[in-house]
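# Summary of the model geometry
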Amino acid sequence: MKTLLLDIRAKAEDALKNANDDAALEAVRVGYLGKKGELTAVLRGMGGLSPEERPIVGALANEVRTYIENALAEKKKELEEKKLEAKLLAEKLDVTAPGENFEIGVRHPLEKIETEMSDIFRSMGFEIAEGPEVEFDLFNFQKLNIPENHPARDTQDTFYITDNILLRSQTSPVQARVMMDTQPPIRIISPGRVYRADEVDATHSPVFHQLEGLVVDKGITMGDLRGMLETFAKQMFGENTKIRFRPHHFPFTEPSAEVDVSCFVCGGKGCRVCKGEGWIEILGAGMVHPNVLRGCGIDPEVYSGFAFGMGIERIVMIKYGIDDMRLLYENDLRFLKQF
Ligand code: PHE
């Protein structure tokens with residue numbers, strides 16, 4: 001019986017050595033210590049032993065049981081440690097590894113120039129006014145001295161939504177809205193999107209941006225318009241920039257002018273940028289027409305004012321030497337990152 005017990009101990013020891021997971025450990029426990037286990041069977045058979053032999057074999061059997069139990073516990077601990085180690089190894093984090101790069105965005109050239117333009121006018125005391133892009137015919141045309149069937153409507157190919165609602169074709173309706181809302185003194189600019197049913201090409205887009213300006217007060221003259229536009233031109237294109245007015249016609253200003261700046265590349269001698277002219281057209285302007293003032297509730301006998309409007313895309317293209325407007329809308333990062 002003694003050899004049988006020692007034999008069981010050796011076999012259990014062997015089995016434990018090869019047990020490499022929880023299931024194998026459990027199989028060893030059941031196989032030796034379980035109800036039908038080998039050691040249990042020996043203990044059951046002790047009834048047949050003589051009174052002298054019984055305590056000796058009993059003591060040895062207990063010893064073997066304790067031995068197997070301890071060995072099981074130890075092996076279990078060993079397996080758990082191995083498992084933890086494998087887990088830690090799999091989750092290893094190298095805090096010294098270089099970080100992942102992410103791209104830092106840049107401001108779109110249109111937004112950049114719009115901000116620059118707004119800052120210049122704000123430094124001259126202009127406030128920013130806003131108007132809706134979906135606009136009434138009333139503000140886009142009628143209040144601006146452009147009645148129904150007026151030929152000036154043809155020069156701005158307009159997207160109509162209904163007979164009297166449209167996508168604004170210019171930022172000038174904001175002039176009418178501001179004048180109807182506030183009494184002078186008025187000094188506002190209004191940058192924003194405008195829409196015209198134009199085919200897309202290098203210089204046209206059905207959606208583009210304008211910046212409108214309006215000043216109304218007592219005693220405002222064309223000299224004030226000239227002075228403010230000159231200040232703007234010098235800050236935008238350089239200290240040596242000159243401006244010139246050419247007579248023009250807009251229904252909502254009288255007199256009206258198109259305004260050019262001297263070419264900031266050649267200084268007026270003529271080059272590729274100004275197409276040999278020495279001058280570059282940048283905006284339309286004029287003194288607010290008395291009909292417009294009156295129609296918006298401002299007495300033209302008391303007040304006078306000037307207005308101007310310019311295309312922001314145009315200023316961006318001139319300033320950065322961009323010859324195709326479509327580049328501004330394609331969102332090609334290789335292009336946009338240059339500004
Ligand atoms: N709204 C005119 C245009 O889009 C520009 C303009 C604005 C002209 C204000 C004079 C005064 O062509």
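Quick look at the structure, then. (Residues numbered from 1 in each chain as written. Predicted model: local features only at pLDDT ≥ 70, side-chain atom pairs only at ≥ 80, totals over all residues. Heavy atoms only, no water.)

Before going further, it helps to examine the overall build of the protein. In terms of regular secondary structure, the protein is built from eleven helices and nine strands. For a compact globule of 339 residues, the expected C-alpha radius of gyration is about 20 Å, and the protein comes in at 45 Å, more than 25% above that figure. Taken along the three principal axes of its C-alpha coordinates, the protein extends 135 × 45 × 35 Å. By residue count, 40% of the 339 residues in the protein fall in the buried class. Pairs at least 24 residues apart make up 67% of the contacts formed inside the protein by residues separated by at least 6 positions. Counting only carbon and sulfur atoms, one obtains 52% of the accessible surface of the protein, whose full area is about 19,400 Å². (Helix = DSSP H or I, 4+ residues; strand = E, 2+ residues; numbered from the N terminus. Rg over C-alpha atoms; globule rule 2.2 N^0.38 Å. Buried < 20%, exposed > 50% of the residue type's maximum accessible area, 1.4 Å probe, protein only. Contact = heavy atoms within 4.5 Å. Areas by Shrake-Rupley, 256 points an atom, 1.4 Å probe, with all protein chains shown as cover.)

Further remarks concern the sheet that holds strand β5 (residues 207-217). Sheet architecture is open: seven strands sit in the order β1-β4-β5-β9-β8-β7-β6, paired in mixed fashion. Taken across any chain shown, the strands that pair with only one partner, and hence form the sheet edges, are β1 (127-128) and β6 (243-250). Two strands pair when backbone bridges link them, and strand β7 (residues 253-262) and strand β8 (residues 279-288) are joined in this way by eight bridges, in the antiparallel orientation. Considered in β8, the bridge of Ser256 is made with Gly286. Set on the sheet, helix α8 (residues 222-237) makes contact with β4 (186-195), β6, β7, β8 and β9 (304-311); between it and β6 the angle comes to about 125°. (Pairing = 2+ DSSP bridges. Axes fitted to C-alpha atoms, helices over the stretch in contact; angles between N-to-C directions.)

With that settled, the discussion passes to the pairing of β7. Of all ten residues in β7, eight are buried; the element is thus mostly enclosed. Across seven bridges, the pairing between β6 and β7 is antiparallel. Residue pairing in the sheet places Arg246 in a bridge with Glu258 of β7. A loop of two residues connects β6 with β7, the two strands running antiparallel in sequence.

Time to look at the site of the ligand. Surrounding the ligand, one finds 15 residues, the nearest of these being Gln170, Ser172, Arg196, Gln210 and Gly309. Ser172 places a polar side-chain atom, nitrogen or oxygen, 2.9 Å from a nitrogen atom of the ligand. The separation between an oxygen atom of the ligand and a polar side-chain atom of Arg196 is 3.1 Å. When the ligand is considered free in solution it has 330 Å² of accessible area, and contact with the protein chains removes 91% of it. Placement of the ligand is best described as lying within the largest pocket. Within the residue set of the shell around the ligand, elements represented by two or more residues are β5, β8 and β9. By residue class, the composition of the shell around the ligand is five nonpolar, eight polar and two charged. (Near = heavy atom within 4 Å. Polar contact = N/O pair within 3.5 Å; in protein donor to acceptor, adjacent residues only side chain to side chain. 1 Å grid on protein atoms, 1.4 Å probe; cavity = no way out; pocket = protein on both sides within 12 Å on 5 of 7 lines; lining within 4 Å. Sits in = over half its atoms within 2 Å of the grid points. Nonpolar A, V, L, I, M, F, W, Y, C, P; charged D, E, K, R; others polar.)

Right, let's talk about a negative patch on the surface for a bit. Judged by side-chain charge, Glu74, Glu78, Glu80, Glu81 and Glu85 come together as a negatively charged surface patch. The topology assignment puts Glu80 in helix α4 (residues 53-90). Residue classification places Glu80 among the partly exposed positions, given a relative accessible area of 48%. (Patch = residues over 30% accessible without salt bridge, like charges linked within 9 Å, V, L, I, M, F, W, Y side chains within 5 Å. Salt bridge = Lys/Arg side-chain N within 4 Å of Asp/Glu carboxyl O. Lys, Arg positive; Asp, Glu negative; His and termini not counted. Charge placed at Lys NZ, Arg CZ, Asp CG, Glu CD.)

What follows deals with the side chain of Ser256. Among the secondary structure elements, Ser256 is positioned in strand β7. Polar side-chain contacts of Ser256 include one of 2.6 Å to the side chain of Thr253. In this view, Ser256 contacts Arg246, Pro247, His248, His249, Phe250, Ala285 and Gly286; residues no more than four positions away in its chain are not counted.

Time to look at the layout of surface pockets. Taking a probe equal in size to a water molecule and rolling it over the atoms shows the remaining empty space. Considering only enclosed or pocket space, the largest pocket measures out at about 1,400 Å³ in volume. If you trace the largest pocket, you find 47 residues lining it, with Thr203, Glu281, Ile282, Gly311 and Arg314 closest to the centre. Counting only elements with at least two residues in the lining of the largest pocket, the list comes to β5, β6, β7, β8, β9 and α10 (312-320). Element by element, the count of residues in the lining of the largest pocket is highest for β8, at seven residues. The residue inventory of the lining of the largest pocket, partitioned by class, reads 20 nonpolar, 16 polar and eleven charged. Considering only enclosed or pocket space, the second largest pocket measures out at about 200 Å³ in volume. Considering the residues around the second largest pocket, the lining is formed by 14 residues, among which Glu127, Pro185, Ile186, Arg187 and Ile188 are closest to the centre. When residues of the lining of the second largest pocket are traced back to their parent elements, those giving at least two are β1, β4 and β5. (Points joined across faces, edges and corners; volume = space filled by probe spheres on them.)

With that settled, the discussion passes to the packing of helix α1 (residues 2-18) against α4. Look at α1 against α4: their axes get within 10 Å of each other, and the N-to-C directions meet at 5°. When the interaxial angle is binned, α1 and α4 end up roughly parallel. For the pair formed by α1 and α4, the contact residues are Lys2, Leu5, Ile8, Arg9, Ala12, Glu13, Leu16 and Lys17 on the first element and Val57, Leu60, Ala61, Glu63, Val64, Tyr67, Ile68, Ala71, Leu72 and Lys75 on the second. Across the contact of α1 with α4, the residue classes break down as twelve nonpolar, no polar and six charged. (Parallel < 35°, antiparallel > 145°, perpendicular 65-115°, else oblique.)

Moving residue by residue along a regular strand, the side chains alternate between the two faces of the sheet. For β8, the tally of buried residues reaches eight of ten residues, placing the bulk of the element in the interior. Where β8 meets β9, five bridges bridge the pair, whose relative direction is antiparallel. Each residue of the ladder has a partner; that of Gly284, found in β9, is Gly309.

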